[in-house]
Amino acid sequence: APDLILISIGFDSSVNDIGNGRCCGASWQGGADLLPEDYRWMAAELQRVADRFCRGRLVAILEGGYGQFADRDGEICIDRNLFTSCCLAFIRGLLGRRK
């Protein structure tokens, strides 16, 4: 059995994240469009596997996620609210199985 599970989690697959999708010529193709609940579910499932096979040892490293474009007073900026919601949902998924 493994001693621990090590994962790299990228939040750029979130719906409307500027990193979610790819440009193919003149067209934009969407990506996975994951929601905070999807990240919570993934974390809970990963933790379930870690609990069963390596005494709950799971290390998750954030490697991506940017946010989405927003228009604030005529200025284009990056809104990180959804990104933050996805990160928090992932953490809740990890902690949800703990007593």
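In what follows, the structure referred to is the one given above.
What you see is a predicted model; the values in this text were computed from it and never measured.

1. A closer look at the pattern of salt bridges
Then, in step 1: The final tally for this structure, using the stated rule, is two salt bridges.
Then, in step 2: Residue glutamate 37 is joined to arginine 40 by a salt bridge in which the shortest nitrogen-to-oxygen separation is 2.9 Å. Remark: arginine 40 and glutamate 37 occur in helix H1 (residues 36-53); sequence separation between them is three residues, near one turn of the helix.
Then, in step 3: The partner of arginine 48 in a salt bridge is glutamate 45, with the nearest N and O atoms 3.2 Å apart. One end of the pair is arginine 48 and the other is glutamate 45, both in helix H1 and three residues apart, which spans about a single turn.
Then, in step 4: In this structure glutamate 45 comes out as partly exposed when scored by relative accessible area, which is 27%.

2. Quick look at a nonpolar patch on the surface
Then, in step 1: Together, Leu4, Leu6, Val59 and Ile61 make up an exposed nonpolar region whose accessible area comes to about 350 Å².
Then, in step 2: Among the residues examined, leucine 6 registers a relative accessible area of 56% and is labelled exposed.

3. Section: the packing of aromatic side chains
Then, in step 1: Here the structure, examined in full by the defined rule, presents three aromatic pairs.
Then, in step 2: On the numbers, 4.8 Å between centres and 40° between planes, the contact of phenylalanine 11 with tyrosine 39 is tilted. Of the two residues, phenylalanine 11 is situated in the loop between strand S1 (5-10) and strand S2 (22-24) and tyrosine 39 in helix H1; the sequence distance between them amounts to 28 residues.
Then, in step 3: When its relative accessible area of 3% is taken as the criterion, phenylalanine 11 is described as buried.
Then, in step 4: Seen from their ring centres, phenylalanine 11 and phenylalanine 90 are 6.0 Å apart, and the 85° between their planes marks the pair as edge-to-face. Of this pair, phenylalanine 11 sits in the loop between S1 and S2 while phenylalanine 90 sits in helix H2 (residues 81-95), and the two are 79 residues apart along the sequence. As far as the burial class goes, phenylalanine 11 and phenylalanine 90 line up, both buried.
Then, in step 5: One aromatic cluster in this structure is built from Phe11, Tyr39, Phe83 and Phe90.

4. Digging into H1
Given 3.6 residues per turn, any residue in an α-helix points the same way as the ones three and four places further on.
Then, in step 1: Taking 1.5 Å per residue, 18 residues should reach 26 Å; H1 reaches 26 Å between its end C-alpha atoms and fits that length.
Then, in step 2: Inspection of H1 places Tyr39, Ala43, Ala44, Gln47 and Ala50 among the buried residues, and these make up the whole buried set. Viewed along the axis of H1, the buried residues span an arc of 135°, placing them on a single side of the element.
Then, in step 3: Immediately downstream of H1, the backbone of arginine 55 shows phi near 50°, a positive value.

5. So, the pairing of strand S6 (residues 75-79)
Then, in step 1: In this structure, strand S5 (residues 68-72) lies alongside S6, joined through five bridges in antiparallel fashion. Paired with alanine 70 across the two strands is cysteine 77, which belongs to S6.
Then, in step 2: Hairpin geometry of S5 and S6 is characterised by an intervening segment of two residues between the two adjacent antiparallel strands and by a positive phi of about 55° at aspartate 73.

Rules of the game
Residue positions are given per chain, counted from 1 along the sequence in the order it is written. The predicted origin of the model limits local features to residues at a pLDDT of at least 70 and limits the giving and counting of side-chain atom pairs to 80 or more, whereas totals for whole chains, interfaces and linings rest on all residues. Only hydrogens and water are set aside; all other atoms, that is, all heavy atoms of the structure, feed into the side-chain values. Take a side-chain nitrogen of Lys or Arg and a carboxyl oxygen of Asp or Glu: if they are within 4 Å of each other, that pair is a salt bridge. Secondary structure is summarised from DSSP: a helix means a run of H or I of at least four residues, a strand means a run of E of at least two, and numbering begins at the N terminus for each. Exposure categories follow from relative accessible area, calculated using a 1.4 Å probe and restricted to protein chains: below 20% of the type maximum is buried, above 50% is exposed, and the middle band is partly exposed. Patch building starts from residues that exceed 30% relative accessible area and form no salt bridge, then joins like charges within 9 Å and nonpolar side chains (Val, Leu, Ile, Met, Phe, Trp, Tyr) within 5 Å. Under the convention used here, a 1.4 Å probe and the Shrake-Rupley method define accessible areas, while residue burial counts only the protein chains that appear. When two rings of Phe, Tyr or Trp (its six-membered ring) have centres within 6.5 Å they constitute a pair, described as stacked for plane angles under 30 degrees, edge-to-face for angles over 60, and tilted for the intermediate range. To estimate how far a helix should reach, multiply one less than its number of residues by 1.5 Å. The arc in question is the one spanned by the directions pointing from the helix axis to the C-beta atoms. One requirement defines pairing of two strands: DSSP has to find at least two bridges between them.

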